[in-house]
Amino acid sequence: MNKRIIFHIDVNNAFLSWSAVKLLNEGYKKDIRTIPAVIAGSETERRGIVLAKSPVAKKYGIVTAETIYQAKKKCKDLEVYNPDYKWYYKKSYELMKYLSNFSPLLEQYSVDECFLDMTGMNYIYKDYIELAHKIKDEIKEKFGYTVNIGIGNNKLCAKMASDFEKPDKVHTLLEDEIAKKLWPLPVRDLFMVGRKTAEVLNSLNINTIYELAKTDEKKLKKYFKNQADYLKKASLGLDDSKVIPRSNTTTSISVSETLPYDFVDPDKLKEILFRQTEEVTRQLRYQKQYAKTVAVIYKNSSFNNYSAQEKLTNPTNSTKTIYKKVVEIFDKNYREDPIRLIGVRLSDFTNKNEHQLSLFENNEDSDESEIQKTIDDINTKFGAASVIPASLKIIGKSKSKRNLNNKN
């Protein structure tokens, strides 16, 4: 039986690279990848957060998720460009369509990365490393930006490999390379190990992935409970998860976010869910589709996953309607535990807006469609959340009088 061969393709600095390509196509004289530049939301509405940074900006110590104000204190000549999500979705679709030529098993992991299962394709492609270089170079030539490609015998190792030296590189992390390439790395570099987990591991004198791999799982369970099983397997380079392509009948759009620390404040979590709802509904409208099912996804500090979903009365792509449902699901199902990752998923798509009205119901989605299109156009041009309807800000307000603090 052939060992699995998995590719992980990751666009280098996607938002900034894709914006650079667009600007150059429009005749812009600067390549923003070669100057101190960032992609960031509007500085009004407190949305001025760095989403992506150029290599030059990185040299000034500018980091993702800091404010524009903080970034400009580090580099007074910093140039700020608004995100263009409509363009990003277009470039993402273009990339995935190109990559699907190499294997029918493509799983889009996020807007700028995916897995390809190449197992058993050796009768077509004799040398996988040579093929990866071919793909990488063709993307650069055809589309004008670079990618990293990681090759492993499972998704975890392929993902880890693609995060090795950047940009424009091909790396392998195969079974016989675990000891040489994975084990010497600090534990914080292991996929899904956050700052808090790394700090606890370091306090136990577990500083490298090798030391983690050699630690008795019973000891890990004392400190990490259900997370211990993942930590042990990942440190050994073990992962049996499959590459699952999107099918036309079960199409879904999802966005999730690993938080910088564990969140317990419901209002803060709803703010994140609002941003995520904006993103998934904007993509849904771009695809000219309507969703029938909404889900909220959680991963808590113990690495336990749970989710809840509900059907909508009518299929919709309205941000207001879907966010209202997201908040309802959250209020019913949030367990008040520290949240490490949270996300929104839309599914059960249709191309028809089949809205059945009762005798006394107003079709708000229909009334709002033109307004929403205008808002999308403005936000696309000037940055996400440049315009937010006041009604959307009110929906997520928690009715609870609890004052819960975020915990590190």
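Structure shown above.
In what follows, the accompanying structure is described. (Residues numbered from 1 in each chain as written. Predicted model: local features only at pLDDT ≥ 70, side-chain atom pairs only at ≥ 80, totals over all residues. Heavy atoms only, no water.)

Here we look at the overall build of the chain
A count of helical and extended segments in the chain gives 15 helices and 12 strands. When each of the 408 residues of the chain is scored for burial, the buried share is 50%. Considering only intrachain contacts with a sequence separation of at least 6, the fraction spanning at least 24 residues in the chain is 64%. Total accessible area computed for the chain in this model is approximately 21500 Å², and 50% of it derives from carbon and sulfur atoms. (Helix = DSSP H or I, 4+ residues; strand = E, 2+ residues; numbered from the N terminus. Buried < 20%, exposed > 50% of the residue type's maximum accessible area, 1.4 Å probe, protein only. Contact = heavy atoms within 4.5 Å. Areas by Shrake-Rupley, 256 points an atom, 1.4 Å probe, with all protein chains shown as cover.)

Concerning the environment of isoleucine 244
Relative to the elements of secondary structure, isoleucine 244 occurs in the loop between α11 (227-235) and β9 (252-263). Accessibility expressed as a relative area gives 55% for isoleucine 244, which makes it exposed. Remark: the alpha-carbon pair of isoleucine 244 and leucine 106, spanning 138 residues in sequence, is separated by 6.9 Å. Apart from residues lying up to four places away in sequence, isoleucine 244 is in contact with Leu106 and Glu107.

Observations concerning the packing of aromatic side chains
According to the stated counting rule, one finds 18 aromatic pairs in the structure shown. Note on tyrosine 98 and phenylalanine 102: the rings are 5.3 Å apart at their centroids and 75° apart in plane angle, and the pair reads as edge-to-face. Looking at tyrosine 98, the relative accessible area reads 9%, which means it is buried. Judged by its relative accessible area of 8%, phenylalanine 102 falls in the buried class. (Phe/Tyr/Trp six-rings, centres within 6.5 Å; stacked < 30°, edge-to-face > 60°.)

A few points about the nonpolar core
Generally speaking, soluble globular proteins have nonpolar side chains that are buried together. Counting residues in hydrophobic clusters, the biggest one holds 44 residues, and the most contacted among them are Phe7 and Leu99. Secondary-structure elements contributing two or more residues to this core are β1 (6-11), α1 (14-25), β2 (37-40), α4 (85-99), β6 (113-117), α5 (128-143) and β7 (147-152). Sort the elements by how many residues they give to this core and α4 lands first, with 8 residues. For leucine 99, the residues in contact, after removing those within four places along its chain, are Ile9, Leu106, Cys114, Leu116, Ile135 and Ile139. One finds Val255, Leu259, Val326 and Phe349 within the second-largest nonpolar core, a separate group that totals 30 residues. (Core = buried A, V, L, I, M, F, W, Y, C linked by side-chain atoms within 4.5 Å.)

A short note on helix α8 (residues 195-203)
Thr197, Ala198 and Leu201 are the residues of α8 that are buried. Down the axis of α8, the smallest arc covering the buried residues is 100°, so these residues share one side. Where α8 is buried, its residues meet α9 (209-213), α10 (217-224), α11 and β12 (339-350). In the stretch just after α8, asparagine 205 is the one whose phi turns positive, near 65°. (Arc of directions from axis to C-beta.)

Observations concerning the side chain of serine 92
Note on placement: serine 92 falls in helix α4. Residue classification places serine 92 among the buried positions, given a relative accessible area of 4%. Residues in contact with serine 92, not counting those within four places in the same chain, are Trp18, Gln108 and Val111.

Here we look at the environment of proline 338
Within the secondary structure layout, proline 338 lies in the loop between α13 (319-333) and β12. C-alpha separation for the pair proline 338 and tyrosine 261, spaced 77 residues apart in sequence, amounts to 9.0 Å. Beyond its immediate sequence surroundings of up to four residues, proline 338 is in contact with Asp262, Phe263, Val264, Asn300 and Ser301.

Overview of unusual backbone geometry
Put simply, lysine 166 and proline 167 share a cis peptide bond, and its omega is -5°. Even without being a glycine, asparagine 205 presents a positive backbone phi close to 65°. As for its placement among the helices and strands, asparagine 205 is situated in the loop between α8 and α9. Of note in this structure, glutamate 336 is not a glycine but carries a positive phi near 60°.

Quick look at the sheet that holds β2
As summarised here, the arrangement of the 3 strands in space is β3-β2-β4, forming an open sheet in which the pairing is mixed. Two strands lie at the open edges of the sheet, namely β3 (50-53) and β4 (79-81), each paired on one side alone. Each strand of the sheet is rotated relative to its neighbour by a mean of 30°, with strand direction disregarded. For β2 and β4, the ladder comprises 3 bridges, and the chain directions are parallel. Paired with alanine 37 across the two strands is glutamate 79, which belongs to β4. Along the sheet, α1 contacts β2, β3 and β4; its crossing angle with β2, the most-contacted strand, is approximately 105°. (Pairing = 2+ DSSP bridges. Axes fitted to C-alpha atoms, helices over the stretch in contact; angles between N-to-C directions.)

Some words on the sheet that holds strand β8 (residues 170-173)
Across the sheet, 5 strands lie side by side as β5-β6-β1-β7-β8; this open sheet has mixed pairing. Since the sheet does not close on itself, it has two edges, and those belong to β5 (106-110) and β8, each with one partner. For this sheet, the mean inter-axis angle between neighbouring strands, taken without regard to orientation, is 20°. In this structure, β1 lies alongside β7, joined through 6 bridges in antiparallel fashion. Looking at β7, one finds that histidine 8 is bridged to glycine 150. Of the strands in this sheet, β1, β5, β6, β7 and β8 are in contact with helix α6 (residues 155-162), which crosses β7 at around 145°.

Here's the deal with the pairing of strand β10 (residues 290-300)
Regular strands have side chains that alternate between both faces of the sheet. Most of β10 sits inside the fold, with 10 of its 11 residues counted as buried. Looking at chain direction, β10 and β12 are connected through 10 bridges and run antiparallel. Each bridged residue has a counterpart across the sheet, and for asparagine 300 the counterpart in β12 is isoleucine 339. Across 8 bridges, β10 lies against strand β11 (residues 305-316) in antiparallel orientation. The partner of alanine 295 across the bridge, within β11, is glutamine 309. In sequence, β10 turns back onto β11 through a hairpin of 4 residues, with phenylalanine 303 there showing a positive phi of about 70°.

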